[in-house]
Amino acid sequence: MLAPLLLSIIPSTPFTDPVLIVALATLLFLVVPVLAERVRVPGVIGLIVAGAAVGPHGFGLMARDQTIVLLGTVGLLYLMLMVGLELDLHQFSRYRNRSIVFGTLSFVVPAVVGGAAGLALGYSLTAALLLGAVFASHTLLAYPIASRLGIVRNEAVTTALGGTILTEILALLLFAVVANQARGASLDLAFWGRLSLSFGVYVLAVMWGLPRLGRWFFRRSGEGGTEFIFVLASLFTIAYFAHAAGVEPIVGALLAGLALNRLVPAQGPLMNRIHFVGNTLFIPFFLLSVGMLVNVWALDSLRAWIVALVFSIGVIASKWLASWVTGRAFGYDAAESWTVFGLTVPHAAGTLAIVLVGYELGLLDQTEVNAVVVMILVSCLAGPWAVERFGRMVARREEARPYDPTTAPRRVLIPLANPATAEALMDLAFVVRGADSEEPLYPLTVAPDEGNATEAWVAEAEQMLAGAVRHAAAAEVPVRPVTRVDANVAAGIARGVAETRASTVLIGWDGRRTGARAVFGTVLDQLLERTRQMVLVARLAHPLNVTRRLVVLVPPAADRHPGFADALATVNRIAGGIGAGMTGVVVGGEGERVRTMHGGVRPQVAADWQAVPDWTALAEWLEGALRREDLVVLMGARRGTVAWHPRLERLPSRLAELAPESFLAVYPAESELPAEAAADGLGDALAPDRVVRLRADAFGPAVREMLAPVLDAATVQGVAELMESAEERFSSEIAPGVALPHTRLPGLPRPLLLLGISDEGVRLPHGTRPARLLVLLVSPAERAEEHLRALARIARLLADPAATGSLLERHAPGSTLDWLHVDE
């Protein structure tokens with residue numbers, strides 16, 4: 001009785017029970033990569049070998065039936081979708097000429113070798129051209145390895161990925177031409193016209209229509225599975241209609257990924273879902289189905305082995321030659337060239353599709369089909385091996401690059417107060433943090449200290465933090481939620497910044513301005529005064545992934561701020577992370593300097609920089625150029641810093657009224673002792689709007705003239721009166737013709753240093769002669785010791801005639817220096 005029971009449990013082969021087939025497949029997906037890693041073999045190779053072992057030509061446990069073919073096809077299309085989604089379009093745009101060169105070489109060299117091999121083996125010209133398409137086509141089988149190693153954005157890898165687009169299109173177009181000719185179609189002008197028209201309309205419809213449809217959908221859909229379903233529906237619909245355009249579905253899948261690239265940020269829940277489903281289910285099924293094609297038993301004749309050997313050597317040699325020539329031409333090292341080879345040598349389902357159609361058309365026989373299957377196995381083993389070995393070298397070299405502070409990991413603190421905008425702020429924080437950072441995010445809530453009601457506020461704050469934690473978990477981003485209780489919200493945030501040692505603060509803004517002197521509102525303005533870290537103030541009214549362009553506004557002298565390069569790198573990281581374009585507008589005449597600085601920061605993002613002469617021209621430009629889906633980025637400045645200007649107080653609220661729904665202000669991190677640093681290098685620290693050619697010849701009007709560009713009228717009047725009163729009591733003259741007036745002002749966040757130059761001289765109440773050089777220092781009233789230290793350093797500097805003369809030569813080269821030489 002036991003024997004019949006056991007026989008009833010043990011299934012016959014190949015398995016037909018769908019539950020058992022899926023169980024075996026998922027068991028292989030679980031075990032094989034682990035075993036492959038133990039023997040230092042890429043998991044991709046392990047799954048291919050496993051497919052050969054359990055397939056119809058191995059132990060026969062699984063048949064390559066319609067179910068396996070369906071899942072394998074889905075996996076291949078999904079793989080091409082991921083390639084398009086993860087391609088760094090900014091990097092690709094920068095190196096597009098290199099991608100075009102490599103794509104052309106990767107098609108032409110293998111196609112010529114394949115055609116020559118076919119003719120040498122005695123095939124017809126049509127069959128030889130078909131073999132050329134077989135040799136040229138390749139599948140990015142080893143792409144998951146490059147993605148795992150974190151080298152997808154390497155210049156050489158980007159060149160290979162971008163070149164694949166052109167290679168596949170050319171190979172499949174050649175295949176379409178050969179197939180049509182074999183079916184008896186005439187390759188006349190009408191044929192080429194139909195093919196060009198259909199393919200052109202198809203590409204235009206996908207690349208123009210899908211992004212617009214996606215933006216419309218993402219604006220109206222909530223977070224969750226609907227966005228993922230939209231991506232899947234787009235993928236398979238576009239892949240299906242590729243047939244109507246005369247190309248294979250894999251081209252459509254690649255185009256779908258490219259079209260959706262800017263709508264799916266690299267760091268976010270949606271991309272995480274796409275990766276999870278692809279890497280754990282669809283792509284393993286594709287690898288398993290490729291392995292099932294291997295039939296070494298069919299190579300039962302010497303000619304079959306000769307053909308298989310010629311095909312394998314020809315494909316490997318031609319793809320290696322294309323990679324080597326590209327590497328030599330563009331200066332890639334050996335590891336990068338081998339990595340490019342490993343990415344582009346595997347031949348899989350696309351190649352097999354071409355061969356099977358050729359077999360059905362009678363251009364190839366069973367021997368060639370089996371030889372191609374062996375070539376597929378060899379290339380699928382060689383490619384992942386090369387990427388695993390040499391890609392690690394590339395990854396280690398990337399890690400060993402000299403330290404660049406603009407690429408340092410960010411410790412981002414996100415104060416949350418509005419549940420409706422919490423997820424949008426977290427999405428932006430994912431991008432600011434960077435894909436390669438291991439630092440957690442710090443969402444923060446501050447509960448007001450209101451006695452008995454405090455506990456209720458804390459409970460509500462923790463509930464909001466729980467939502468932020470769930471959202472971050474969906475994107476696989478680590479978080480450490482923080483709750484603080486404080487009577488002053490800004491003080492609570494500042495305390496959170498200090499306790500977490502955050503380098504960046506990302507906070508939301510509702511677009512309303514409160515108070516005559518407020519830039520944003522009470523909390524935000526107090527936060528800017530209390531912190532020295534980089535502060536990002538965001539008003540995100542549309543989903544981040546529908547942003548098409550960042551419009552970066554740079555005030556006069558912002559580029560002279562010591563934290564400007566780091567702030568610019570943050571803006572680049574945002575643009576690259578969401579795949580948006582960038583347009584920069586510089587107010588004043590420093591456009592070329594800003595363009596140069598932007599080209600030197602990492603990550604590098606292409607931008608169109610232009611300059612406007614003044615603030616009025618900027619307002620006119622904004623009204624005519626801004627679009628609804630722009631994200632306006634203002635490179636802000638704290639009051640009293642080099643780039644601060646009274647216009648900056650009104651600009652945020654003005655921008656909130658314009659067409660774009662979203663706005664971001666970036667306040668660079670401040671140095672610890674800016675006034676002392678200015679004293680050590682006074683000429684370098686002074687920005688153009690801090691240097692004034694004085695027209696006034698009296699002390700009071702001269703002080704007002706110097707302060708007017710950087711402080712509001714009421715503050716200017718108050719500071720001038722203080723200085724006039726002090727000058728009546730004690731002279732600020734430190735050398736004949738040189739004066740150092742100074743004062744301290746309550747509420748000033750940073751010391752302020754100004755230089756006034758007068759050709760005729762400014763009369764001082766108790767000076768020995770009119771002052772040609774006025775250095776004006778205003779410090780926060782709360783920093784008396786710092787004010788005195790800075791004053792002493794500047795006085796020592798100005799007491800030296802040589803140093804003073806050098807300063808005057810730099811900022812007033814046409815002035816005479818004779819007055820500096822004082823007679824004893």
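Scroll up for the structure.
No experiment lies behind these values; they were computed from the predicted model shown.

Conventions adopted
- Residues take numbers from 1 onward in each chain, read along the sequence in its written order.
- Local features in a predicted model are, by the rule used here, given only for residues with pLDDT of at least 70; side-chain atom pairs are given and counted only at 80 or more, and totals for whole chains, interfaces and linings are based on all residues.
- As a convention, hydrogens and water are excluded, and side-chain values are obtained from all of the structure's heavy atoms.
- In this description a helix means any DSSP run of H or I spanning at least four residues, a strand means any run of E spanning at least two, and both kinds are numbered starting from the N terminus.
- Burial classes: relative accessible area under 20% of the type maximum marks a residue as buried, over 50% as exposed, and values in between as partly exposed (1.4 Å probe, protein chains only).
- The contact criterion used throughout is that any non-hydrogen atoms of two residues lie within 4.5 Å.
- Residue-level accessible areas treat just the shown protein chains as cover; the underlying method is Shrake-Rupley with a 1.4 Å probe.
- Each pair of strands is called paired provided DSSP finds at least two bridges between the two strands.
- In this analysis, axes come from line fits to C-alpha atoms, helices being fitted only over the stretch in contact, and the angle between any two N-to-C directions falls in the range 0 to 180 degrees.
- Patches in this entry comprise residues that are over 30% relatively accessible and not in a salt bridge; like charges within 9 Å are linked, as are nonpolar side chains (Val, Leu, Ile, Met, Phe, Trp, Tyr) within 5 Å.
- The term salt bridge refers to a side-chain nitrogen of Lys or Arg lying within 4 Å of a carboxyl oxygen of Asp or Glu.
- Between 65 and 115 degrees an angle is taken as roughly perpendicular, under 35 as roughly parallel, over 145 as roughly antiparallel, and anywhere else as oblique.
- Crossing handedness: left-handed means the near helix sits turned counterclockwise from the far one by under a right angle, and right-handed means the same turn made clockwise.
- Charged means Asp, Glu, Lys or Arg here, nonpolar means Ala, Val, Leu, Ile, Met, Phe, Trp, Tyr, Cys or Pro, and polar covers whatever is left, Gly included.

Participant: Honestly, the overall build of the protein chain in this entry has me stumped. Any pointers?
Facilitator: Of regular secondary structure, the protein chain possesses 31 helices and 16 strands. Counting only residues that meet the buried cut, the protein chain has 56% of its 824 residues in that class. Within the protein chain, residue pairs in contact and separated by at least 24 positions form 81% of the contacts whose partners lie at least 6 positions apart. Roughly 34600 Å² of accessible area belongs to the protein chain as shown, and the carbon and sulfur atoms make up 60% of that amount.

Participant: How do you make sense of the sheet that holds strand β3 (residues 482–486) when you look at a structure like this?
Facilitator: Through backbone hydrogen bonds, the strands of a sheet pair up, either in parallel or in antiparallel fashion. Strand order in the open sheet formed by ten strands is β3-β2-β1-β4-β5-β10-β9-β6-β7-β8, and the pairing between neighbours is mixed. Edge positions in the sheet fall to β3 and β8 (608–612), since each of these pairs with one other strand and no more. This sheet shows a mean twist of 20° between the axes of neighbouring strands, independent of strand direction. Strand contacts of helix α20 (residues 489–500): β1 (412–415), β2 (442–448), β3 and β4 (504–508), with the helix running at about 140° to β3, the strand carrying the most contacts. In this fold helix α22 (residues 564–578) packs onto β5 (534–539), β6 (549–554), β7 (581–587), β8, β9 (630–635) and β10 (662–667), with an angle of close to 165° to the strand it touches most, β6.

Participant: How should a nonpolar patch on the surface be read in this particular structure?
Facilitator: A contiguous nonpolar surface patch, about 370 Å² in accessible area, is contributed by Leu27, Leu30, Val31 and Leu35. Along the chain, the position of Leu27 falls in helix α2 (residues 18–38). Residue Leu27 is classed as partly exposed on the basis of its relative accessible area of 48%.

Participant: Quick question: what am I supposed to make of the pattern of salt bridges here?
Facilitator: Here the idea is simple: oppositely charged side chains can pair when their charged atoms come close. Summed over all chains, the structure comprises nine salt bridges. A salt bridge links Glu155 to Arg98, with the nearest nitrogen and oxygen atoms 1.9 Å apart. A residue pair is termed long-range when its members are at least 10 positions apart, and Glu155 in helix α9 (residues 155–182) and Arg98 in helix α6 (residues 96–120) qualify at 57 residues.

Participant: Hey, could you run me through unusual backbone geometry in this one?
Facilitator: Glycine aside, negative phi is the norm for most residues, and most peptide bonds take the trans geometry. In this structure, Arg501 takes a positive phi of about 55° despite not being glycine. Residue position: Arg501 is located in the loop between α20 and β4.

Participant: So what exactly am I meant to see when it comes to the side chain of His275 here?
Facilitator: Tracing the sequence through the fold places His275 in helix α13 (residues 269–291). Relative accessible area serves as the criterion here: at 18%, His275 is assigned to the buried category. Leaving out residues up to four positions away in the same chain, His275 has contacts with Met82, Glu86, Ser147 and Thr280.

Participant: Any chance you could explain the packing of α22 against helix α23 (residues 591–600) here in plain terms?
Facilitator: To characterise two packed helices, one gives the angle between the axes of the helices and the distance between these axes. Close contact between α22 and α23 brings their axes to 10 Å; oriented N to C, the two are set at 65°. In terms of their interaxial angle, α22 and α23 are classed as roughly perpendicular. When you trace α22 past α23, the crossing you get is right-handed. Residues Phe564, Ala565, Leu568 and Asn572 of α22 form the contact with α23, whose own contacting residues are Val594, Met597 and His598. Here the residues of the contact of α22 with α23 are counted per class, giving five nonpolar, two polar and no charged.

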